[in-house]
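As a plain string of letters, each chain reads:
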Amino acid sequence: MAGCGLKCVDNTLKRLFFKLGVFIARHPGYFIIVPILLTIICITGFQRIFFEMDPEYLFSPQHGPGKTERAIVEQYFKMNYSARFNPTRITRPGRYIPE
């Protein structure tokens, strides 16, 4: 019996999926209601999700040299939002309102 090869696997899978299809056809309520209820339960967690969009917080260490250097730059070069404002020189992410 050298010719069994993948045909045995194919026949077994065909038989198992046929039985699964028959079971689903006889009990469709479980396969419609249960996934909908699980989805509703899982969606409730999305109400509490908070997306952090600050790349400095996400990708730099808490006490890294970048934060120290920015503090030095902000100490000596204060941002003037009223006269000759250039948005490319902002050292902190966020919204600004030009006057």
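Predicted model only: the values in this text are computed from it and were never measured.

Student: In this structure, what is going on with the overall build of the chain? I would like to understand it.
Tutor: The number of helices and strands found in the chain is four helices and zero strands. Each helix (α) and strand (β) of the chain, taken in turn from the N terminus, gives the series α-α-α-α.

Student: Looking at this structure, I do not really get the packing of aromatic side chains. What am I missing?
Tutor: By convention here, two paired aromatic rings are described through the distance between centres and the angle between planes. On inspection of all chains with the given rule, the structure shows one aromatic pair. A ring pair is formed by F23 and F31, whose centres lie 6.0 Å apart and whose planes are at 90°; its orientation type is edge-to-face. On the basis of relative accessible area, F23 is assigned to the partly exposed category, the value being 42%. Residue F31 is classed as partly exposed on the basis of its relative accessible area, which comes to 38%.

Here is what the cut-offs are and how they apply
Residues numbered from 1 in each chain as written. Predicted model: local features only at pLDDT ≥ 70, side-chain atom pairs only at ≥ 80, totals over all residues. Heavy atoms only, no water. Helix = DSSP H or I, 4+ residues; strand = E, 2+ residues; numbered from the N terminus. Phe/Tyr/Trp six-rings, centres within 6.5 Å; stacked < 30°, edge-to-face > 60°. Buried < 20%, exposed > 50% of the residue type's maximum accessible area, 1.4 Å probe, protein only.

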